[in-house]
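# Close look at the chain arrangement
Here is what each chain is made of, one letter per residue.
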Amino acid sequence: MAAASYLPSEDQFLCSICLDLFTDPVTIPCGHNFCKTCITEHWDKSDRCQCPMCKKEFYTRPELQVNTLFSDMVAQFRQTAQQKASSSRSEQHVFKPGEVPCDVCTETKLKALKSCLVCLTSYCETHLEPHLTMSGLKRHQLIDPVENLEDRMCLKHDKPLELFCKTDQTCVCMLCHVSDHKMHDVVPLKEGYEGEKAELETEIQQMIQKRQLKIEELKHSVDLSQEEADREIAEGVQVFTALKESVERGQANLINTIKEKQKTTENQAEDFIKELEQEISELKKRSSEVEQVTHSEDHLHLLQRFMSLKVAPPTKDWTEVSIHSSHEGTVVRAVVQLEKTFSKEMKKLIEAELKRVQRYAVDLTLDPDTAHRSLILSCDGKQVSLGGGKKNLPDNPERFSDCICVLGKQSFSSGRFYFEVQVKRKTEWTLGVVRESINRKGTVTLGSQWGSWSIWLRNGNEYKAPDDPQVLLSLKSQPQKVGVFVDYEEGLVSFYDVDAAALIYSFTGCSFTEKLFPYFNPGRKDDGENTSPLIISPVRVN
């Protein structure tokens, strides 16, 4: 009977100390085998000479000799294993970019199947075999292959990160749990992962819902904007149609008026000409009669005839008679009438625009922390006037030290806003908006190039807009209440005479990059003529 072929397992050729194939194997008296170097170092470090496997103690240190038969068997097994590994390599997947390579392969890197959190090494199918078969290695924790295994180890304790601290939101090892995170809420990684995943999914869903709501809000804003655009187009078409019709009517009336006047002039001239021609005809007739009489030699008869010819001669004096053109001023009067029509239609537009901007009214209050020490603010924060002297107030960074002004407590960095200020019975004031970084210590220079957009009144009737360059404003009436409208994204600041529904001035093409604050300056007392306060008024749509 033929002997069955015997294929020794790899466990028989692994040193129990180094867990690798034997190198120069030796057999100690108890019968167990070890690498010569491994057992020698083990006994050198120990105070007793005993077998690491069976713990049998030797009172005399055995003399170690390489087991040549066993060494040959190990060499043959190594060769067979290498051939098998080489054959297996041809069947396994070669490492590709994006995959985790085997850390043990020295030649062609193969794709790792598992990573060991104890060894901090990734293994291909061949090099993973010991972890699947050897009892000592089976206890190691294997995971799907990952790169940078060092990141999974605690830097402080060199232990695997197996727990999650919910208190500090970080991964920790077992030693961290009993030291730095002893009183914290610590859970296993899986539980922590599931909790964080659920929380993240909830947060993501909330973020999605918020963005969906924002999409609906934006769509609604676009619809409102389209409605407003359609309304403005309709109003614009109506106004321009009225203006166009007025111009055409004015032009037709102008032409008809000039033609009628010209016809009257022509008729008058014709009447004069007819009358003159008739007089000329009569005069020619008399001249002919005189010519006939002069041929007679009877002087008495001649004198008597001349006397009869002198009776009732033409008596009209044509010296002052003339034809004057009556067209002067006709075009001017027509243009003046057109201007009245234009002003009327313009007023309608401004009234409609004022109603629209009043929808963006905000409730403002004055900020006492910014007020100059000479100013007096009302308890409700709606009025500001110049006091009799400087109050003892802290010189905080927000307060204006030299400029007699105060800012609104509310700031704006987007969108549109509108407010109204009563300026009745004042001879001097300044209103507008300024950027947050405007100079508050020392002189404040107003102007768009210095971060302020305002208008002012000086000397009772001198209105200006400190634009670049400064603009002198010509107003038909003195405003009693001024409306201020700002469109942050559009870069627009407009001022209105609320009661007259008239546009005072607009800053356009502004570039806003900071928060904007409403700006109020009640002006100096002007010998007691300018004591009335500036009053932030509630907005009432006209």
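The rules behind the values
- Residues numbered from 1 in each chain as written.
- Predicted model: local features only at pLDDT ≥ 70, side-chain atom pairs only at ≥ 80, totals over all residues.
- Heavy atoms only, no water.
- Helix = DSSP H or I, 4+ residues; strand = E, 2+ residues; numbered from the N terminus.
- Polar contact = N/O pair within 3.5 Å; in protein donor to acceptor, adjacent residues only side chain to side chain.
- Buried < 20%, exposed > 50% of the residue type's maximum accessible area, 1.4 Å probe, protein only.
- Pairing = 2+ DSSP bridges.
- Arc of directions from axis to C-beta.
- pLDDT = per-residue confidence, 0-100.
- Contact = heavy atoms within 4.5 Å.
- Axes fitted to C-alpha atoms, helices over the stretch in contact; angles between N-to-C directions.
- Lys, Arg positive; Asp, Glu negative; His and termini not counted.
- Salt bridge = Lys/Arg side-chain N within 4 Å of Asp/Glu carboxyl O.
- Patch = residues over 30% accessible without salt bridge, like charges linked within 9 Å, V, L, I, M, F, W, Y side chains within 5 Å.
- Areas by Shrake-Rupley, 256 points an atom, 1.4 Å probe, with all protein chains shown as cover.

### Describing the environment of Asp180
- Take Asp180: it is sitting in the loop between helix H5 (174-178) and strand E8 (186-188).
- Side chain to side chain, Asp180 and Lys156 meet in a polar contact 2.8 Å long.

### Side note on unusual backbone geometry
- The phi dihedral of Asp24 is positive, around 50°, even though this residue is not glycine.
- Its location among the elements puts Asp24 in the segment before strand E1 (25-27).
- Among the residues examined, Asp24 registers a relative accessible area of 43% and is labelled partly exposed.
- One non-glycine residue, Arg425, lies in positive phi territory at about 60°.
- Relative to the assigned elements, Arg425 resides in the loop between strand E12 (416-422) and strand E13 (429-435).
- The class of Arg425 is exposed, set by a relative accessible area of 59%.

### Section: the pairing of strand E10 (residues 383-386)
- For strand E9 (residues 375-377) and E10, the ladder comprises three bridges, and the chain directions are antiparallel. If you follow Ile376 over to E10, its bridge partner there is Ser385.
- Between E9 and E10, which follow one another and run antiparallel, lie five residues, and Gly381 among them has a positive phi close to 70°.
- Bridging between E10 and strand E21 (residues 534-537) involves two bridges; their strand directions are antiparallel. Across the sheet, residue Val384 finds its bridge partner in E21, namely Leu534.

### Focus on helix H1 (residues 36-45)
- Along H1, the positions that sit buried rather than exposed are Cys38, Ile39 and Trp43. Summarising the axial view, the buried residues of H1 lie within an arc of 125°, below the 170-degree limit, and thus occupy one face. Turned more than 90 degrees away from the buried face of H1 sit Asp44 and Lys45, all of them exposed.

### Describing the confidence of the model for the protein
- Predicted confidence across the protein gives a mean pLDDT of 85, with 91% of residues reaching 70 or more.
- pLDDT under 50 marks residues 1-6. Its contacts with residues more than four places away, or in other chains, come to one contact.

### Examining the environment of Cys405
- Checked against the element boundaries, Cys405 lands in the loop between E10 and strand E11 (406-407).
- On the basis of relative accessibility, which here comes to 0%, the residue Cys405 falls in the buried class.
- Spatially, the C-alpha atom of Cys405 lies 32 Å from that of Ala352, the residues being 53 residues apart in sequence.

### Some thoughts on the pairing of strand E19 (residues 502-507)
- Two strands pair when backbone bridges link them, and strand E18 (residues 492-497) and E19 are joined in this way by five bridges, in the antiparallel orientation. Directly across from Val493, in E19, lies its bridge partner Phe507.
- Counted between consecutive antiparallel strands, the loop separating E18 from E19 contains four residues, among which Ala501 sits at a positive phi close to 50°.

### Some words on the sheet that holds E18
- Sheet architecture is open: seven strands sit in the order E9-E10-E21-E12-E17-E18-E19, paired in antiparallel fashion. Where the open sheet ends on each side, the last strands, each with one partner, are E9 and E19. Within the sheet, the average angular offset between the axes of one strand and its neighbour, ignoring direction, is 20°.
- With six bridges joining them, strand E17 (residues 481-487) and E18 adopt antiparallel strand pairing. Bridging from a neighbouring strand, Gly483 pairs with Tyr496 of E18.

### Overview of the side chain of Asp367
- Turning to its location among the elements, Asp367 is positioned in the loop between helix H8 (330-357) and E9.
- No salt bridge is formed by the buried Asp367; the nearest opposite charge belongs to Lys409, separated by 5.3 Å.
- If near-sequence neighbours (up to four positions away) are discounted, Asp367 is found in contact with Leu377, Val406, Leu407, Gly408 and Lys409.

### Comments concerning a nonpolar patch on the surface
- Nonpolar side chains collect at one region of the surface, where Leu200, Ile204 and Ile208 lie side by side and expose about 230 Å² of accessible area between them.
- Relative to the helices and strands, Ile208 resides in helix H6 (residues 189-293).
- The exposure class of Ile208 is partly exposed, given its relative accessible area of 35%.

### Quick look at helix H3 (residues 125-133)
- Leu128, Pro130 and His131 are the residues of H3 that are buried. Down the axis, H3 shows its buried residues gathered within 140° of arc, on one side only.
- Looking at the buried positions of H3, the neighbouring elements they touch are strand E3 (114-116), strand E4 (121-123), helix H4 (135-138) and strand E5 (142-143).

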